Amino acid sequence: MGSTAEEEEPEGRNLAIVRALSAVLGEISAMQECRGPFRRAYYDLARRMKLLSPFFDELKDSTEEELIRENESRALCELLDALVAAKDLLRSVNDGSKLYQALQGDKYAKKFQEVTEQIERALNRLSYDKFDIPEEVQEQIELVHVQFRRAKEKMDFPDSQLLMDFSLVRSGDCCDQAVLQRLSEKLQLRTINDLTKEAAALNEMVISCGGDPDDCLEEMSTLLKKLKESGIIENPVQENLENKRSLVKHRSPVIPDDFRCPISLELMKDPVIVSTGQTYERACIQKWLDAGHKTCPKTQQNLPHTALTPNFVLKSLIAQWCEANGLEPPRRNGNGRDKKSVNHSDCDRAGISALLEKLLSTNQEVQRAAAGELRLLAKRNADNRVCIAEAGAIPLLVELLQSPDPRTQEHAVTALLNLSINESNKSSIVTAQAIPKIVEVLKNGSMEARENAAATLFSLSVIDANKITIGAAGAIPALIDLLCQGSPRGKKDAATAIFNLSIYQGNKVRAVKAGIVIHLLRLLTDPSGGMLDEALAIMAILASHHEGRLAIAEATPIPILVEVMRIGTPRNRENSAAVLYSLCAGDVQQVKIAREVGAEEALKELLETGTDRAKRKAGSLLELIHRDT
């Protein structure tokens, strides 16, 4: 009979824990794309958890050779419990009712905050120095810990527009088609398959509640009924779809007004959007424009430009409505390739090809509109990111990074950012020689373009080889400029990119030579700027390099570091002690300065109340101070 977990030898138990941690991350990576109102919170939590993977990979190797101490073993068990709780939450959000999640937004937001706090507490108990892992991996995990600590201070709620639309529909004050369509999109209830899954999720709720679900089930049923009656989607909860189809063959369904072209009043086959935001059948509006008209037929507004953008969402809704009502989906005349554009995937290959043709247009307005549409499509879902890349969009978007039109440039760099979420697209973007052009946008683009360029470089720098290429392209001085001048979001993006790039030793030298230390010092003296965590994390990683230590020492940061050790957060106190230790090790002059500004008192307090790593640094520093007294 096999041993229980308690009876196993410590080495075997530790290895089992580490393998279990890796297995949890593997399960999360295998989960399907999230749909519903908490997509952002889902992806943020999953992304942070996946960043722990290198740590576990290193531990799998080291635990076979070294005995992990009991304290660290307990901390890993606590982290495993936290990650399992987070995995269960992610799965429940992925598989559960989207309507229920929207109605119980506060409840789910609190769940995300609770598991984030649980993971942060577990990470806080880990003493990374006691594990045999490379310095780069330790630095990455420490940055992930910073992200979890920052995330636990805020709660993620569904967006305000969704909540407002929900409130209108629930109160009965509004059954406007546009509101219902927005709800359908935001809740990802757009196809027959979506509704089938939602119905199954609601049924599971009833079963799990012992047939006595809470009061909101009636509200959810009412909303599904309104969505069904709107003509946007079919409701499989109440009627069998096949029976419905057999019935509608004997009558002519009423076409929803939003599905009719305002010019012909016929069901649209190829809906396109003009510059005023109105949608028309392509052939009808093109005939109107060819006749010399420069106004929108419906609103009579002047058209700033005559570019026509495919309305993929409406096209998909029309196809779904036709299927639900037993009708053949409308097809454009002539080109058989459009068969793919009426399926139930968001990936409209024919439409994407049409947008790529417009990227090659000599008309700047047409280019801008097409780049903007690709930007939104790439943001929407994973399938679109694959389809857009496979269609050959990446080289065309890279060329548009040099567009003289600022808005086109913003669309292009943001589209590349969204595409880079797909791992295989990262290499395609680099192969298209995008990095030098992205760096150029980072230097000279609009503020929005610069911020998204920084985020793109961070995304690409996840691949180690790209860290070298990005640094050699001159990105670091431009990132430092953004760190000083950007919006709060831009500064965060710049700091994260700088930290990640500085894992490579050569980029530490580049950052120091670009004068980053003096800027980090300014961020340390401005706690209201909200960049203290990032500044200390970057300074700690730079202090591990000889040139970084010299530059930091010249900036005389010790009084500030000592002050942070007195009043900072646990992690900031820890990073301050780490920087101070790097400065003082082997440098009597720095030890003298530390002693003169009262470091000894702060270190003694840190020795009592700091994290495990902070305590070790404090103990070593006190030894240096006493030895050189």
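The structure presented is a predicted model; accordingly, all values stated were derived computationally and were not measured.

**Points about the packing of helix α2 (residues 39–50) against helix α6 (residues 105–125)**
Move 1: Orientation of α2 relative to α6, taken along the N-to-C sense of each, is 10 degrees, at an axis distance of 11 Å. Relative to α6, the element α2 lies roughly parallel. Regarding α2 and α6, the two cross each other, and that crossing is left-handed. Across the interface between the two elements, Ala-41, Tyr-42, Leu-45 and Met-49 from α2 touch Phe-112, Val-115, Thr-116 and Ile-119 from α6.
Move 2: Here the residues of the contact of α2 with α6 sort into seven nonpolar, one polar and no charged.

**Concerning the state of the cysteines**
Move 1: According to the stated counting rule, one finds zero disulfides in the structure shown.
Move 2: Cys-261 takes part in no disulfide bond, and the closest cysteine sulfur to it belongs to Cys-284, at a distance of 4.1 Å.
Move 3: The exposure class of Cys-261 is buried, given its relative accessible area of 1%.

**Topic: the sheet that holds strand β1 (residues 271–273)**
Move 1: With antiparallel pairing, three strands are arranged side by side in an open sheet as β2-β1-β3. The sheet terminates laterally at β2 (279–281) and β3 (309–310), the two strands that pair on one side only.
Move 2: Along the sheet, helix α13 (residues 282–290) contacts β1, β2 and β3; its crossing angle with β2, the most-contacted strand, is approximately 95 degrees.

**A short note on the nonpolar core**
Move 1: The biggest cluster of nonpolar side chains holds 98 residues, and the ones touching the most others in it are Leu-397, Leu-479, Ile-516, Leu-520 and Leu-580.
Move 2: A total of nine residues in this core trace back to one element, the largest contributor, which is helix α28 (residues 532–542).
Move 3: Those residues in contact with Leu-479 that lie beyond four places of it in its chain are Leu-442, Ala-454, Ala-494, Ala-497, Ile-498 and Leu-501.
Move 4: Listed in part, the 44 residues of the second largest apolar core include Leu-25, Ala-75, Leu-89 and Val-144.

**Side note on the pattern of salt bridges**
Move 1: Applying the stated criterion across every chain yields a total of 22 salt bridges.
Move 2: Close ionic contact of Asp-44 with Arg-47 constitutes a salt bridge, the shortest N to O distance being 3.6 Å. With Asp-44 and Arg-47 both in helix α2 and three residues apart, the pair spans about one turn of that helix.
Move 3: Taking relative accessible area as the criterion, Asp-44 reaches 17% and is therefore assigned buried.
Move 4: For Glu-451, the salt bridge identified is with Arg-489, shortest N-O distance 2.9 Å. You can see Glu-451 sitting in helix α22 (residues 447–460) and its partner Arg-489 sitting in helix α25 (residues 488–501), a full 38 residues away along the chain.

**Details of the environment of Gln-590**
Move 1: Structurally, Gln-590 can be placed in helix α32 (residues 588–596).
Move 2: Under the relative-accessibility criterion, Gln-590 is labelled buried at 8%.
Move 3: In sequence terms Gln-590 and Ile-558 are 32 residues apart; their C-alpha atoms lie 8.2 Å from each other.
Move 4: Beyond its immediate chain neighbours, meaning those up to four positions away, Gln-590 contacts Ala-553, Ile-558, Leu-583 and Cys-584.

**Some thoughts on the side chain of Ser-461**
Move 1: Tracing the sequence through the fold places Ser-461 in the loop between α22 and α23 (464–472).
Move 2: A polar contact of 2.8 Å, which involves the side chain of Ser-461, links it to the backbone oxygen of Phe-458.

**Overview of helix α16 (residues 364–380)**
Move 1: Given a rise of 1.5 Å per residue, 17 residues ought to cover 24 Å, and the 25 Å separating the end C-alpha atoms of α16 matches this to within 8%.
Move 2: Among the residues of α16, those classed as buried are Val-366, Gln-367, Ala-370, Ala-371, Gly-372, Glu-373, Leu-374, Arg-375, Leu-377 and Ala-378.
Move 3: N-cap assignment for α16: the residue whose side-chain oxygen lies 2.8 Å from the backbone N of Glu-365 is Asn-363.

**A word on the packing of aromatic side chains**
Move 1: In total, this model carries five aromatic pairs according to the counting rule given.
Move 2: Measuring from centroid to centroid gives 6.0 Å for Phe-38 and Tyr-108, while their planes differ by 35 degrees, and the two rings are tilted. Placement of the pair is Phe-38 in the loop between α1 (10–30) and α2 and Tyr-108 in helix α6, with a sequence separation of 70 residues.
Move 3: Aromatic ring contacts, followed pair by pair, group Phe-38, Tyr-100, Tyr-108 and Phe-112 into a single cluster.
Move 4: Note that Lys-111 overlies the ring of Tyr-108, its terminal NZ or CZ placed 4.8 Å from the centroid.

**With respect to unusual backbone geometry**
Move 1: Even without being a glycine, Gln-433 presents a positive backbone phi close to 60 degrees.
Move 2: Residue placement: Gln-433 occurs in the loop between α20 (423–431) and α21 (434–444).
Move 3: Note on Gln-433: relative accessible area 51%, which makes it exposed.
Move 4: Residues other than glycine seldom take positive phi values, yet Thr-556 does so here, at roughly 45 degrees.
Move 5: Overall, Thr-556 belongs to the exposed group, its relative accessible area being 53%.

**Looking at α2**
Move 1: With 12 residues, α2 should cover 16 Å at 1.5 Å per step; its first-to-last C-alpha distance of 16 Å lies within 8% of that length.
Move 2: Along α2, the residues classified as buried are Ala-41, Tyr-42, Asp-44, Leu-45, Ala-46, Arg-48 and Met-49.

Calculation notes
Residues numbered from 1 in each chain as written. Predicted model: local features only at pLDDT ≥ 70, side-chain atom pairs only at ≥ 80, totals over all residues. Heavy atoms only, no water. Axes fitted to C-alpha atoms, helices over the stretch in contact; angles between N-to-C directions. Helix = DSSP H or I, 4+ residues; strand = E, 2+ residues; numbered from the N terminus. Parallel < 35°, antiparallel > 145°, perpendicular 65-115°, else oblique. Left-handed = near helix turned anticlockwise from the far one by under 90°. Contact = heavy atoms within 4.5 Å. Nonpolar A, V, L, I, M, F, W, Y, C, P; charged D, E, K, R; others polar. Disulfide = S-S within 2.5 Å. Buried < 20%, exposed > 50% of the residue type's maximum accessible area, 1.4 Å probe, protein only. Pairing = 2+ DSSP bridges. Core = buried A, V, L, I, M, F, W, Y, C linked by side-chain atoms within 4.5 Å. Salt bridge = Lys/Arg side-chain N within 4 Å of Asp/Glu carboxyl O. Polar contact = N/O pair within 3.5 Å; in protein donor to acceptor, adjacent residues only side chain to side chain. Expected span 1.5 Å × (residues − 1). Phe/Tyr/Trp six-rings, centres within 6.5 Å; stacked < 30°, edge-to-face > 60°. Lys NZ or Arg CZ within 6 Å of the ring centre and 35° of its normal.

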